[in-house]
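Commentary on secondary and tertiary structure
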Amino acid sequence: MYTLKERDYLVNWHPYTQMKKADDIVPIVRGEGAYIFDENNKKYIDAVSSWWVTLHGHAHPYIAKKVYEQLNTLEQVIFAGFTHRPAVELSERLLALLPFNQQKVFYSDNGSTAIEVGLKMCMQFHYNNQENRQKILAFKNAYHGDTFGAMSVSGRGIWTQPFNERLFEVIFIETPTEENIESIKKQIAELADEVACFIYEPLVQGAAGMLMYEAAYLDELMNFCRKKRILLIQDEVFVGFGRTGKIFAANHLSEVPDVMCFSKGLTGGTMPLGVTTCSDLIYNAFYSKDYTKTLYHGHSFTASPLACTAALASLELLLEEATQEKIVNIVTQHEVFREQLKTHPKVKVVRQCGTILALEWKTEEETSYFSDMHKKLYPYFLDHGILLRPLGNIIYLVPPYCISTVDLNYIYKTILKALDEL
Ligand SMILES: *Cc1c(COP(=O)(O)O)cnc(C)c1O
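Small disclaimer: the values here were computed from a predicted structure and weren't measured.

Parameters at a glance
- Residues numbered from 1 in each chain as written.
- Predicted model: local features only at pLDDT ≥ 70, side-chain atom pairs only at ≥ 80, totals over all residues.
- Heavy atoms only, no water.
- Helix = DSSP H or I, 4+ residues; strand = E, 2+ residues; numbered from the N terminus.
- Rg over C-alpha atoms; globule rule 2.2 N^0.38 Å.
- Buried < 20%, exposed > 50% of the residue type's maximum accessible area, 1.4 Å probe, protein only.
- Contact = heavy atoms within 4.5 Å.
- Areas by Shrake-Rupley, 256 points an atom, 1.4 Å probe, with all protein chains shown as cover.
- Lys, Arg positive; Asp, Glu negative; His and termini not counted.
- Charge placed at Lys NZ, Arg CZ, Asp CG, Glu CD.
- Pairing = 2+ DSSP bridges.
- Domains from an automatic or database assignment.
- Buried area = accessible area lost by both parts, 1.4 Å probe.
- Axes fitted to C-alpha atoms, helices over the stretch in contact; angles between N-to-C directions.
- Core = buried A, V, L, I, M, F, W, Y, C linked by side-chain atoms within 4.5 Å.
- Salt bridge = Lys/Arg side-chain N within 4 Å of Asp/Glu carboxyl O.
- Near = heavy atom within 4 Å.
- Polar contact = N/O pair within 3.5 Å; in protein donor to acceptor, adjacent residues only side chain to side chain.
- Nonpolar A, V, L, I, M, F, W, Y, C, P; charged D, E, K, R; others polar.

**Describing the overall build of the protein**
The secondary structure content of the protein amounts to 13 helices and 16 strands. The C-alpha radius of gyration computed for the protein amounts to 22 Å, which stays within 12% of the reference 22 Å derived for 422 residues, consistent with globular compactness. Of all 422 residues assigned to the protein, the portion counted as buried reaches 53%. Sequence-distant contacts, at least 24 apart, represent 70% of the contacts inside the protein between residues at least 6 apart. Accessible surface, the protein: about 20300 Å² in total, of which carbon and sulfur atoms supply 54%. Computed over 41 positive and 50 negative side-chain charges, the inter-centroid distance for the protein is 1 Å.

Below, the structure is given as structure tokens:
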């Protein structure tokens, strides 16, 4: 008899995994709240929200009930030529929470597709307006997904290397600080007439290692781009839905983007769904009697009624006062722990944005995704019943909002213990 782990190894190819070295894959049989349980009923605290998606905990009964009801009512219908209540309601509720200029919702399946749609909207916007703007701006170290367009606007590295020559050209700029903001503006000004759009992760560059920068300088950059008629694509795939301490990163900014992308926490992490929203400025460039101005893009499961229902249920939970209090509680606890870490001799730097906390472990080598620290840290935390996935020597926490104070403190304590022992 093969174990589940052995059967998995025979047939499955896992994401971001060198299978030759993948002898540590853990079969999970159920989830509840902030926990996942393996075959031996060993409990792990999911401190990374299962790749940053889970908001209210695993197998949430309210979301499950709503999805089950929808499953018995309408599980799927083609979204070209048809519509349904979950998609209409979700769009209405989302738009009401977004910056005032966001007026239309385009659905897809995941974060990468939400980005593809956003890029196509901006590129075709100029095409439809017969303007020749071909260049695209993105931040160094950006991560916007793994499909080709999303890869193109992401920082280049070992991940993209086999494809680099086939990715479209992008101009990478630094994330803004007090020191470099003027020189970034100068750099943009020189090619402004040729730039179609600027895509960015607001406040936190997640996959880059939870790198953070200030809202004030992003506002300044957004304002500058707007004046140069460069369209803005705000990628809130990771930071949306409360991660930064506010519902959206947009709530930290006074400038508004033209296009916004969401996924991950959108359904509370229960079902795959992507959303791209846009302003009337964008929408009206496509709104025409001329068929060539249509956005010819769609996915089989566009606006899945099940996923939209999960998103509605998750949004309801997110807006509850009790959830908002939990978010504040996580933010406050992180702040206390951050102070503790600041002076720790093995900690190079510690960063926090809302519920996201990251620390860089001091190592001989430079900070890197491929740092050997990951190989030591990842199993150490698993042994201690905590799912953390350090990005090289960067340990970060992105907990689901339902996590208890006791569990958070246990994670903090275990991180301090690791700093002592490893
Ligand atoms: C994860 C992520 C994406 C891609 O989303 P997928 O659903 O994994 O395709 C895009 N942008 C950001 C900022 C992300 O963190």
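**Looking at the sheet that holds strand β2 (residues 35-38)**
Strand order in the open sheet formed by four strands is β1-β2-β3-β15, with mixed pairing between adjacent strands. Of all the strands in the sheet, the pair left with one neighbour each is β1 (28-32) and β15 (386-387). Looking at chain direction, β1 and β2 are connected through four bridges and run antiparallel. What sits directly across from E32, in β2, is Y35.

**Some words on the domain arrangement of the protein**
For the protein, the assigned domains read domain 1 (4-59 + 321-421) and domain 2 (74-319). A separation of 27 Å is found between the C-alpha centroids of domain 1 and domain 2. On the domain 2 side, the residues contacting the 29 residues of domain 1 number 27 residues. Taking both partners together, domain 1 and domain 2 bury about 2400 Å²; carbon and sulfur atoms supply 65% of that area.

**Description of the sheet that holds strand β12 (residues 274-279)**
The sheet built from seven strands is open, its strands ordered β4-β12-β11-β10-β7-β5-β6 with mixed pairing. Taken across any chain shown, the strands that pair with only one partner, and hence form the sheet edges, are β4 (102-108) and β6 (171-173). For this sheet the average axis-to-axis angle between neighbouring strands, irrespective of direction, equals 20°. One ladder, built from three bridges, connects strand β10 (residues 231-235) with strand β11 (residues 259-262); its direction is parallel. In the strand pairing of β11, I233 is matched with V259. Packing against the sheet, helix α7 (residues 181-191) makes contact with β5 (135-139), β6 and β7 (195-200), and its axis sits at approximately 160° to β6.

**Description of the nonpolar core**
Residues F198 and I415 are the most contacted members of the largest nonpolar core, which totals 95 residues. With seven residues, helix α8 (residues 215-227) is the single largest residue contributor to this core. There are two domains that each give this core at least three residues, and those are domain 1 (4-59 + 321-421) and domain 2 (74-319). In this structure F198 touches L137, A138, F139, I173, L221, C225, I230, L231, L232 and I233, once residues within four positions along its chain are discounted. Counting 25 residues, the second largest nonpolar core, distinct from the first, contains A150, C197, L231 and V237.

**Comments concerning the pattern of salt bridges**
Scanning all chains against the criterion turns up 15 salt bridges. For E32, the salt bridge is made with R30, and the minimal N-O distance between the two is 3.2 Å. The partly exposed category is assigned to E32, whose relative accessible area is 46%. Where R133 meets E131, a salt bridge forms, and the shortest distance between an N and an O atom there is 3.3 Å.

**Some points on the site of the ligand**
Every residue close to the ligand is listed here: W52, N110, G111, S112, Y143, H144, G145, E201, D235, V237, F238 and K264. The separation between an oxygen atom of the ligand and a polar side-chain atom of S112 is 2.6 Å. Interatomic distance of 2.7 Å between a side-chain N/O atom of D235 and a nitrogen atom of the ligand. Relative to its unbound accessible area of 380 Å², the ligand is 84% covered by the protein chains. Looking at the shell around the ligand residue by residue, the classes come out as four nonpolar, five polar and three charged.

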